[in-house]
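Analysis of the macromolecular model
Listed here are the chains, written in short residue letters.
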Amino acid sequence: MFNAIGRIFRTPDLRRKIGFTLGIIALFRLGSFIPAPFVDFGNVQQCLAANQGASGLYELVNLFSGGALLQLSIFALGIMPYITASIIVQLLRVVIPHFETLYKEGQAGQARLTQYTRYLTIALGVLQSTTLITVARSGALFPANSDPACSQLITNDAWYAILLMVVTMTAGTGLIMWMGELVTERGVGNGMSLLIFTSIAATFPTSLWAIGVARGWDVFALVLGIGLLVVVAVVFVEQSQRRVPVQYAKRMVGRRTYGGNNTYIPIKVNMAGVVPVIFASSLLYLPALIAQFNQPAAGEEPQAWVVWITNYLTQGDHPLYMLLYFLLIVGFTYFYVAITFNPDEVAENMKKYGGFIPGIRAGRPTAEYLDYVLTRITLPGSIYLGLIALLPLVAFSWFGANQNFPFGGASILIIVGVGLETVKQIDAQLQQRHYEGLLR
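Predicted, not measured: the structure shown is a model, and the values here were computed from it. Here the residue numbers are simple positions, counted from 1 along each chain's written sequence. Thresholds applied to this predicted model are a pLDDT of at least 70 for local features of residues and 80 or more for the giving and counting of side-chain atom pairs; totals over whole chains, interfaces and linings are not thresholded and use all residues. Water and hydrogen atoms play no part in the side-chain values, which are based on all heavy atoms of the structure.

This next bit is on the overall build of the protein. Each helix corresponds to a stretch of at least 4 residues labelled H or I by DSSP, and each strand to a stretch of at least 2 residues labelled E; elements are numbered beginning at the N terminus. Secondary structure assignment for the protein yields 17 helices and 5 strands. Burial classes follow relative accessibility: with a 1.4 Å probe on protein chains only, a residue under 20% of its type's maximum area counts as buried, one over 50% as exposed, and anything between as partly exposed. Per-residue burial for the protein yields a buried fraction of 45% across its 440 residues. Pairs of residues are marked as contacts when any of their non-hydrogen atoms sit within 4.5 Å. Across the protein, contacts joining residues at least 24 apart in sequence account for 71% of those joining residues at least 6 apart. Counting every atom, the protein has about 22,400 Å² of accessible surface; 63% of that belongs to carbon and sulfur. Residue exposure ignores everything except the shown protein chains as possible cover, and the areas themselves are Shrake-Rupley values with a 1.4 Å probe.

Structural data, given as structure tokens:
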């Protein structure tokens with residue numbers, strides 16, 4: 001292993017790519033601590049210290065921004081607008097035929113879809129930055145806003161100051177998107193995924209240290225042990241797949257023979273990735289967000305539905321919240337897999353090129369068989385996603401950790417997935433140059 005790492009840094013091209021990637025990551029983290037214009041940095045830090053360990057409505061976005069959201073930095077929105085835009089464009093392929101046509105056109109069509117994603121990212125950046133600044137001005141950004149400093153985060157309420165803050169945060173989102181594309185083009189791995197990886201990994205030391213200080217170092221050691229087992233389990237499941245065998249008949253084209261080989265269709269246990277967790281979290285945030293903006297004035301009694309949402313759908317330690325979260329993840333897993341994997345399209349392509357599954361007729365029977373396999377394998381995948389997503393909520397109840405508990409939820413899925421993909425790319429580049437990968 002150490003010899004393989006040495007070969008990485010002895011290869012000039014690979015060393016240059018890794019250095020470029022690390023440089024972009026350093027700039028990304030630096031921008032997460034630079035406050036936006038007209039933000040009182042002292043008050044922000046005071047509120048962060050007062051609300052440390054609390055669970056607010058913006059935990060998921062704050063997690064993906066590496067803590068930059070609650071610091072109101074120039075990179076406060078992080079990569080979240082791009083993630084949302086990518087998911088929306090992918091879902092619109094089912095609704096808008098033009099998007100599906102562009103997707104099937106190959107590289108040129110997908111370049112157009114990428115351009116649409118960029119435009120939508122900027123639009124979402126404007127919308128989300130406006131919402132964030134409005135929430136910060138109202139003093140509702142932090143869950144425990146008894147500190148007067150939490151309602152004085154913005155030093156200037158003039159229209160030009162608000163406009164400058166919106167432009168700055170939106171430009172920060174555009175800059176992050178550009179940096180991610182630079183890493184994809186000139187560095188190692190997928191740039192957007194690596195920036196998300198960096199944001200989440202940056203919160204690990206703080207979360208673990210908070211558990212050690214609050215619950216003792218014996219609990220800290222127990223959490224590390226459990227975390228190691230969770231990582232091993234996630235790696236095992238993420239690498240698991242159902243291989244559907246496919247044979248191609250021989251064809252004579254002129255004097256050449258094509259086909260006659262055997263291959264397989266890899267159907268992963270977790271085909272949906274982390275998207276169902278994001279969908280379920282976002283949907284459960286909506287009632288709490290609506291209730292937060294319907295709080296009664298001083299001296300008035302809150303409405304019954306606001307009290308019910310506050311008691312049952314705000315904190316993750318309630319059993320009803322956990323049950324709804326789990327069921328939503330299972331449902332969204334089936335929904336997303338049904339959108340991203342089309343058995344009819346796969347069966348049609350196999351039939352077009354002379355492929356068939358042994359024992360299954362080509363055409364409609366093949367599509368039905370693939371749908372049957374996909375339905376069967378999605379069930380354990382959805383249950384696995386639900387259990388992994390519940391780990392931070394269980395830790396929130398047992399260990400007193402916040403819902404950004406590192407060994408669970410979207411964080412561990414992204415960390416493991418991006419880590420595996422990046423290591424595979426480095427291994428492939430080593431094999432191209434030295435005929436040996438990271439492991440012999």
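Still to come is the rest of the account.
Attention shifts here to the packing of aromatic side chains. Classification of ring pairs uses Phe, Tyr and Trp, with its six-membered ring standing for Trp, and accepts pairs whose centres are within 6.5 Å; under 30 degrees between planes counts as stacked, over 60 as edge-to-face, and the remaining range as tilted. The tally for this structure, following the rule as stated, stands at 6 aromatic pairs. Here the aromatic rings of Trp-159 and Tyr-160 are separated by 6.1 Å at their centres, their planes lie at 85°, and the arrangement is edge-to-face. Here the aromatic rings of Phe-279 and Tyr-336 are separated by 6.4 Å at their centres, their planes lie at 85°, and the arrangement is edge-to-face. Within this pair, whereas Phe-279 is found in helix α12 (residues 275-292), its partner Tyr-336 is found in helix α14 (residues 319-340), the two being separated by 57 residues in sequence. Residue classification places Tyr-336 among the buried residues on the basis of a relative accessible area of 7%. Whether a charge sits over a ring comes down to the Lys NZ or Arg CZ being within 6 Å of the ring centre and within 35 degrees of the ring normal. Geometry around Tyr-103 places Arg-93 over its ring, the cationic atom sitting 3.6 Å from the centre.

All right, on to the pattern of salt bridges then. The salt bridge criterion pairs a side-chain nitrogen of Lys or Arg with a carboxyl oxygen of Asp or Glu, the two atoms within 4 Å. Enumeration according to the criterion identifies 6 salt bridges in this entry. Among the salt bridges present, the one from Glu-181 reaches Arg-118, with a minimum N-O distance of 2.9 Å. Placement of the pair is Glu-181 in helix α8 (residues 159-186) and Arg-118 in helix α7 (residues 107-138), with a sequence separation of 63 residues. Residue Arg-118 is classed as partly exposed on the basis of its relative accessible area of 28%. Asp-344 is the salt-bridge partner of Arg-364, the closest N and O atoms lying 2.9 Å from each other. With a gap of 20 residues between them, Arg-364 in helix α16 (residues 364-398) and Asp-344 in helix α15 (residues 343-352) connect regions that are remote in the sequence. For Asp-344, a relative accessible area of 41% translates into the label partly exposed.

Now for the nonpolar core. Ranked by size, the top nonpolar core spans 68 residues in total, and within it Val-234, Val-277, Tyr-325 and Leu-413 carry the most contacts. Tallying contributions element by element places α16 first for this core, with 10 residues. For every domain, the bounds stem from an assignment made automatically or drawn from a database. Viewed by domain, this core spans two of them, domain 1 (1-187) and domain 2 (203-439), each represented by three or more residues. Those residues in contact with Leu-413 that lie beyond four places of it in its chain are Val-234, Glu-238, Val-274, Val-277, Tyr-384, Leu-385 and Ile-388. Listed in part, the 23 residues of the second largest apolar core include Ala-36, Leu-72, Ile-162 and Met-165. To define a nonpolar core, start from buried Ala, Val, Leu, Ile, Met, Phe, Trp, Tyr and Cys residues and group those joined through side-chain atoms within 4.5 Å.

It is worth spelling out the environment of Ser-240 at this point. Along the chain, Ser-240 turns up in the loop between α11 (217-239) and β1 (241-248). Beyond its immediate stretch of four places on either side in the chain, Ser-240 contacts Lys-268 and Val-269. For Ser-240, the side chain forms a polar contact with the main-chain oxygen of Phe-236, separated by 2.5 Å. Pairs of N or O atoms are called polar contacts if they sit within 3.5 Å, as long as, within protein, a hydrogen donor faces a hydrogen acceptor (for residues adjacent in sequence, only side-chain-to-side-chain pairs).

On to the side chain of Ser-129, then. Relative to the helices and strands, Ser-129 resides in helix α7. Within the structure, Ser-129 has its side chain in polar contact with the backbone oxygen of Gly-125 (distance 2.8 Å). Discounting residues that sit within four places of it in the chain, Ser-129 has contacts with Leu-77, Val-166, Met-169 and Thr-170.

This part is about α7. Every helix has an expected span of 1.5 Å times one less than the residues it contains. Compared with an ideal rise of 1.5 Å per residue, which puts 32 residues at 46 Å, α7 spans 46 Å between its outermost C-alpha atoms and is within 8% of the ideal. For α7, the complete set of buried residues consists of Gly-109, Leu-113, Thr-117, Thr-121, Leu-124, Gly-125, Ser-129, Leu-132, Ile-133, Val-135 and Ala-136. On its buried face, α7 is in contact with α5 (80-95), α6 (97-104) and α8. Of the residues flanking the end of α7, it is Gly-139, one or two places downstream, whose phi is positive at about 80°.

The next thing to look at is α15. Every buried residue of α15 is listed here: Pro-343, Ala-347 and Met-350. Looking straight down α15, one finds its buried side chains confined to an arc of 60°; they lie on one side. Regarding α15, its N-cap is Asn-342, as a side-chain oxygen of that residue lies 3.2 Å from the backbone nitrogen of Asp-344 further along. Gly-354 sits one or two positions beyond α15 and adopts a positive phi of about 80°. Throughout, the arc means that of the directions going from the helix axis to the C-beta atoms.

With that out of the way, let us pick up the sheet that holds β1. Two strands pair under a simple rule: DSSP has to find at least two bridges between them. Spatially, β4-β1-β5 is the arrangement adopted by the 3 strands of the open sheet, whose pairing is antiparallel. Edge strands, defined here as strands with exactly one partner in the open sheet, are β4 (262-268) and β5 (355-356).

Moving on: unusual backbone geometry. You will see that Phe-38, though not glycine, has its phi angle at about 65°, which is positive. Following the sequence through the fold, Phe-38 ends up in the loop between α2 (12-31) and α3 (41-50). The backbone of Leu-72 sits at a positive phi, close to 55°, despite the residue not being glycine. Turning to its location among the elements, Leu-72 is positioned in the loop between α4 (59-64) and α5. The class for Leu-72 is buried, based on a relative accessible area of 1%.

On to the packing of α5 against α14, then. All axes are obtained by fitting lines to C-alpha atoms, using only the stretch in contact for helices, and the reported angles, taken between N-to-C directions, cover 0 to 180 degrees. Following both chains from N to C, one finds α5 and α14 inclined at 65°, their axes separated by 10 Å at the closest point. The pairing of α5 with α14 is recorded here as roughly perpendicular in orientation. Judged by the twist between their axes, the crossing of α5 over α14 is left-handed. Listed contacts from α14 to Gln-90, Leu-91 and Val-94 of α5 are Phe-335, Tyr-336, Ile-339 and Thr-340. Residue polarity follows a fixed list, in which Ala, Val, Leu, Ile, Met, Phe, Trp, Tyr, Cys and Pro are nonpolar, Asp, Glu, Lys and Arg are charged, and the others, Gly among them, are polar. Class assignment of the residues belonging to the contact of α5 with α14 gives a composition of 5 nonpolar, 2 polar and no charged. Oblique is the label for any angle not under 35 degrees, not over 145, and not in the 65 to 115 range, which are roughly parallel, roughly antiparallel and roughly perpendicular in turn. Helix crossings fall into two classes, left-handed where the near helix is turned counterclockwise from the far one by less than a right angle and right-handed where it is turned clockwise.

With that settled, the discussion passes to the packing of α5 against α6. Relative orientation and spacing of two packed helices are given, respectively, by the angle between their axes and the distance between those axes. Relative to each other, α5 and α6 sit at 110°, their axes nearing to 6 Å. By the angle between their axes, α5 is roughly perpendicular relative to α6. Contacts between α5 and α6 involve Val-89, Leu-92, Arg-93 and Val-95 from the first element and Pro-97, Phe-99, Glu-100 and Tyr-103 from the second. Here the residues of the contact of α5 with α6 sort into 6 nonpolar, no polar and 2 charged.

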